[in-house]
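# Residue-level structural notes
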Amino acid sequence: MKIRVLSIGKTSTPFIKEGVAFYLKRLEHYCRLEYVELPDVPQKGLTTAAGKIKEAELILKNLKPEDVLVLLDEKGTEYTSRGFANFLQKKMNAGTRSLVFVVGGAFGFSKELYAKADNTLSFSQMTFPHELIRLFVAEQLYRAHTILKGENYHHD
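In this report, we go over the structure that sits alongside the text. On a predicted model such as this, the values are computed, not experimentally measured, just so you know. Counting restarts for each chain: residues are numbered from 1 in the order of the written sequence. pLDDT decides what is reported in this predicted model: residues at 70 or higher carry local features, side-chain atom pairs at 80 or more are listed and counted, and totals for whole chains, interfaces and linings draw on all residues regardless. For side-chain calculations, the full set of non-hydrogen atoms in the structure is used, while hydrogens and water are omitted.

To continue, consider the packing of aromatic side chains. Within 6.5 Å between ring centres, the rings of Phe, Tyr and Trp (the latter by its six-membered ring) count as paired, and their orientation is classed by plane angle as stacked under 30 degrees, edge-to-face over 60, tilted in between. Using the criterion set out here, one finds 10 aromatic pairs in the structure. Centre to centre, the rings of Y23 and Y142 are 5.9 Å apart; their planes meet at 45°, and the pair counts as tilted. Of this pair, Y23 sits in helix α1 (residues 14–27) while Y142 sits in helix α5 (residues 130–149), and the two are 119 residues apart along the sequence. The pair Y23 / Y142 is uniform in exposure class, with both members buried. Taken together, the ring pairs in this structure connect F22, Y23, Y30, Y142 and Y153 into an aromatic cluster. Helix numbers and strand numbers start at the N terminus; a helix is a DSSP run of H or I with at least 4 residues, a strand a run of E with at least 2. When a residue's accessible area, from a 1.4 Å probe over protein chains only, is under 20% of the maximum for its type it is buried; when over 50% it is exposed; and in between it is partly exposed.

See below:
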C-alpha cells in the first residue's frame, strides 16, 4: 500500500522540517510514502467558505480515483497508537492501494471534501499548528509501522 501525505502550505519552521524529514527517512524502510506540500491558497478577498472550497479544489486535483482519503480533522476519530496501527493494518488487509492523509489549511475543510472523505482522523481535541500536525502524522506513521512489525519503538 502506498501512503501519501498532502498538506496545504509549506513547512517553514526549521525544527519541524527536520523532524518531518527524520521520520520520512525512517519510513522508507517500511512503506512507499510520498509527502506533498501543496501551495497555500491566497485567502485575501475570500470568505472562509470560499477559501475552503479553493483548498478543496486543489486537494481534489491531487487525488486519484483509487485513493482512500483520510482527513486530519479535530472532529475525527481518535485512536491510541496501537489503534492507529490497527487502522493501517485493516486498510492493508482490505487491499487499499493508496491511502492519502490530508492536512488542510487553517480554516479546516469544505463540506465537499468531508463528503468525499473515507475517514476523518483526529490527533487530539486540542488545537495545534498545522505544521506540528505534519510532524505528528510522520511520527505516528513510523510508530504504527514499528508496532505492526513488532519492533522495539513503541512502549505500552
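What follows covers the pattern of salt bridges. Salt bridges are defined by distance alone: a side-chain nitrogen of Lys or Arg within 4 Å of a carboxyl oxygen of Asp or Glu. Summed over the entire model, instances satisfying the criterion amount to four salt bridges. Note that E34 is salt-bridged to K2, the shortest N-O span being 3.1 Å. Here E34 is found in strand β2 (residues 32–38), whereas its partner K2 is found in strand β1 (residues 2–8), with 32 residues between them in sequence. Overall, the relative accessible area of 23% leaves K2 in the partly exposed class. The residue R143 makes a salt bridge to E139 at a minimum N-O spacing of 2.9 Å. Here R143 and its partner E139 are both found in helix α5, four residues apart, which amounts to about one turn of the helix. Each member of the pair, R143 as well as E139, is classed as buried.

The five strands are arranged β2-β1-β4-β3-β5 in an open sheet whose pairing can be described as parallel. Of all the strands in the sheet, the pair left with one neighbour each is β2 and β5 (119–122). Direction aside, the axes of adjacent strands within the sheet are offset by 30° on average. Pairing between strands requires that DSSP locate at least two bridges from one strand to the other. As defined by bridge partners, strand β3 (residues 67–78) adjoins β5 across five bridges and the pair is classed as parallel. Each residue of the ladder has a partner; that of V70, found in β5, is N119. Each of β1, β2 and β4 (98–103) touches helix α2 (residues 48–61); the most contacted strand, β1, lies at about 155° to it. Only C-alpha atoms enter the line fits that serve as axes; for helices the fit covers just the stretch in contact. Angles between N-to-C directions range over 0 to 180 degrees. The contact criterion used throughout is that any non-hydrogen atoms of two residues lie within 4.5 Å.

Any link to function would need more than the numbers given here.
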